[in-house]
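Fold and geometry: a report
Chain by chain, the residues:
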2 protein chains.
Amino acid sequence: MPDAVKPKGRRRLSAAERRERILAAATEVFAEHGYADASMGEIAQRAGVVASVIYDHFASKRDLHLYLLEHHGQALIERSIHAVTPGSPEEMLRESIGLFFRLVEEDPFAWRFLFRDPPADPKVAAVWRRIHDAATAGIAELTELATPGIELIGGIERSTAAVMIARASQAATNGLVDWWFEHREVSRERVTALAVAILWDGFGRLLEQARAELSP
Amino acid sequence: MPDAVKPKGRRRLSAAERRERILAAATEVFAEHGYADASMGEIAQRAGVVASVIYDHFASKRDLHLYLLEHHGQALIERSIHAVTPGSPEEMLRESIGLFFRLVEEDPFAWRFLFRDPPADPKVAAVWRRIHDAATAGIAELTELATPGIELIGGIERSTAAVMIARASQAATNGLVDWWFEHREVSRERVTALAVAILWDGFGRLLEQARAELSP
DNA sequence: TCAGTTACCGAATGAGCGTTCGGTTGCAAT
DNA sequence: ATTGCAACCGAACGCTCATTCGGTAACTGA
């Protein structure tokens, strides 16, 4: 026994702080590998402990994931949808997209965690769906708020069209975020601006404007 | 031994036909559960056979998935991007979206299979990325084809903007497909039309048109 | 009818992982 | 210093699942 190997740099943490580290680590690992491929071992490792310690704080992998879904889901909805101040449709769109990109830049793992494919586990999938439906409903509400008195949008009944538009904008924005994370050399402002341009102006006006800038 | 239990309705299939059934079953199961949660047992069951039979046709789960990625990926790119006939930007957008929705309706499992999160396995992920990059590049090419002589789109260099627009359209369309599969009571034509409207006109014009239809 | 091929099966193997449990030791209060 | 609490560890269990392998019987051609 060549000397006790105690000089482990690791000291003990309070339960609360360890819990926070586990949550942060779990967000990362779930975000990177998805629910099924995320292992408690890797989560524990990134949190600086052994796997069994996680069970001092959460009942199961599922419970851990469920907590994070609620936590990050609420935060996202509050801060990028409910936080939008009523105004003209264009202003609301711009503000909401702006808030969203800021959030995503601040906590990329939370974003990736939330917008992965729904986990196979039925209970987790149910909560996942509830969160996503709430987000879609929030955006749809903004859309309806921006279209007073109107009954048909693109030939489709207003509330239905609002949900479809919400889904499409959400997806388009997430697609751009995805691209952005592979091209961080582009500033958030530029990506945000293009996202708003695509959604508000569409390709039609985008092309018109681009052509207009050709002839001095 | 109470009589031989031979009256199994199942007869033997040729290797080729069994292989096809395995491919179809695998597409379904991968589409529904994702790579990690898909089990060879369930694939085999849906193909009418036990798991070990799959290994008479494919070397591994990974190989099976890789084959399907190439197969469905190629088909999708050929039939919804390369098949677009050159024309005005709006015409090309309309045709491409139309082709895509038709494909998706024809083989929903192939669509879901392709557009799931990238599997964790590095080799599978690499092929996944290659396929998706090819699709994005194809759409970006169409976009560039539609913007001759233009150097800046929305303040961003043309080729970069083309890729971003490609990603955004892809994502938005897939988001709508997702919604459509939960609301099949809406006809393909209507969803397609709204998809084109959102992408081409943007919310701005969509609102203008909706408002215009209010006052007779 | 007989023999060879091969589609198909079932049991066994081994690895990975979530989860449990009993013990150990850092830490704080006395 | 001493004691009690609880943060932490490590071994072990059980389960799922991909993959292997040897055998069985359905089909085919002679």
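Structural notes, computed from the coordinates. (Residues numbered from 1 in each chain as written. Chains lettered and ligands numbered in written order. Predicted model: local features only at pLDDT ≥ 70, side-chain atom pairs only at ≥ 80, totals over all residues.)

Examining the overall build of chain A
Summing up its helical and strand segments, chain A has nine helices and two strands in all. Starting at the N terminus and ending at the C terminus, chain A contains elements arranged as α-α-α-α-α-α-α-β-β-α-α. C-alpha atoms of chain A, sized along the principal axes, occupy 80 × 45 × 30 Å. Counting only residues that meet the buried cut, chain A has 37% of its 216 residues in that class. (Helix = DSSP H or I, 4+ residues; strand = E, 2+ residues; numbered from the N terminus. Buried ≥ 20, exposed ≤ 12 C-beta atoms within 10 Å, placed from the backbone.)

Remarks on the protein's contact with DNA strand D
Around DNA strand D lies a shell of 22 residues, among which Val-49 and Ser-52 of chain A together with Ser-52, Ser-60 and Lys-61 of chain B are the nearest. Taken together, the elements giving at least two residues each to the surface near DNA strand D come down to helix H1 (15–37) and helix H3 (51–54) of chain A together with helix H2 (40–47), helix H3 (51–54) and helix H4 (61–82) of chain B. Taken together, the residues of the surface near DNA strand D sort by class into nine nonpolar, five polar and eight charged. (Near = placed C-beta within 6 Å. Nonpolar A, V, L, I, M, F, W, Y, C, P; charged D, E, K, R; others polar.)

A word on the packing of H1 of chain A against helix H1 (residues 15–37) of chain B
Interaxial distance between H1 of chain A and H1 of chain B falls to 8 Å at its minimum, and their mutual angle equals 105°. One element, H1 of chain A, and the other, H1 of chain B, form an angle in the roughly perpendicular class. When H1 of chain A is examined against H1 of chain B, the residues Gly-34, Ala-36 and Asp-37 of chain A are found in contact with a partner set consisting of Gly-34, Ala-36 and Asp-37 of chain B. (Axes fitted to C-alpha atoms, helices over the stretch in contact; angles between N-to-C directions. Parallel < 35°, antiparallel > 145°, perpendicular 65-115°, else oblique. Contact = placed C-beta atoms within 7 Å.)

Things to note about the protein's contact with DNA strand C
Within the structure, DNA strand C sits among 21 residues, and Ser-52, Ser-60 and Lys-61 of chain A together with Val-49 and Ser-52 of chain B are positioned closest to it. If you list the elements that add at least two residues to the surface near DNA strand C, you get helix H2 (40–47), H3 and helix H4 (61–82) of chain A together with H1 and H3 of chain B. Residues that form the surface near DNA strand C fall into these classes: eight nonpolar, five polar and eight charged.

A few points about the relation of the copies chain B and chain A
For the pair chain B and chain A, the relating rotation is 180°, the translation along its axis is 0.0 Å, and the fit reaches an RMSD of 0.0 Å. The superposition of one copy onto the other is thereby described by a two-fold rotation axis. Interface overlap between copies is the fraction of interface residues in one copy that are interface residues in the other; for chain B against chain A it reaches 100%, indicating a shared surface. (Least-squares fit on C-alpha atoms with pLDDT ≥ 70 in both.)

Quick notes on the nonpolar core
Membership of the largest hydrophobic core comes to 118 residues, with the highest contact counts inside it found for Ile-43, Ala-172 and Ile-198 of chain A together with Ile-43, Ala-172 and Ile-198 of chain B. Setting aside its immediate chain neighbours within four residues, Ala-172 of chain A contacts Ile-198 and Leu-199 of chain A together with Ala-168, Ala-171 and Ala-172 of chain B. (Core = buried A, V, L, I, M, F, W, Y, C linked by C-beta atoms within 7 Å.)

Let's talk about the interface of chain B and chain A
Listed as interface residues are 49 residues of chain B and, on the opposing side, 49 residues of chain A. Of all the elements in the fold, those that place two or more residues in the side of chain B that touches chain A are H1, helix H5 (89–106), strand S1 (152–153), helix H8 (158–182) and helix H9 (188–212) of chain B. In terms of residue count, H9 of chain B provides more of the side of chain B that touches chain A than any other element does, 16 residues in total. Grouping the constituent residues of the side of chain B that touches chain A by class yields 27 nonpolar, 11 polar and 11 charged.

Observations regarding the packing of H4 of chain B against H5 of chain B
Residue and element names in this part refer to chain B. Packing of H4 against H5 leaves a shortest axis separation of 8 Å and a crossing angle of 145°. Touching Leu-76, Arg-79, Ser-80 and Ile-81 of H4 are Ser-96, Leu-99, Phe-100 and Leu-103, all from H5. Looking at the contact of H4 with H5 residue by residue, the classes come out as five nonpolar, two polar and one charged.

Coordinates in, geometry out; function isn't part of it.
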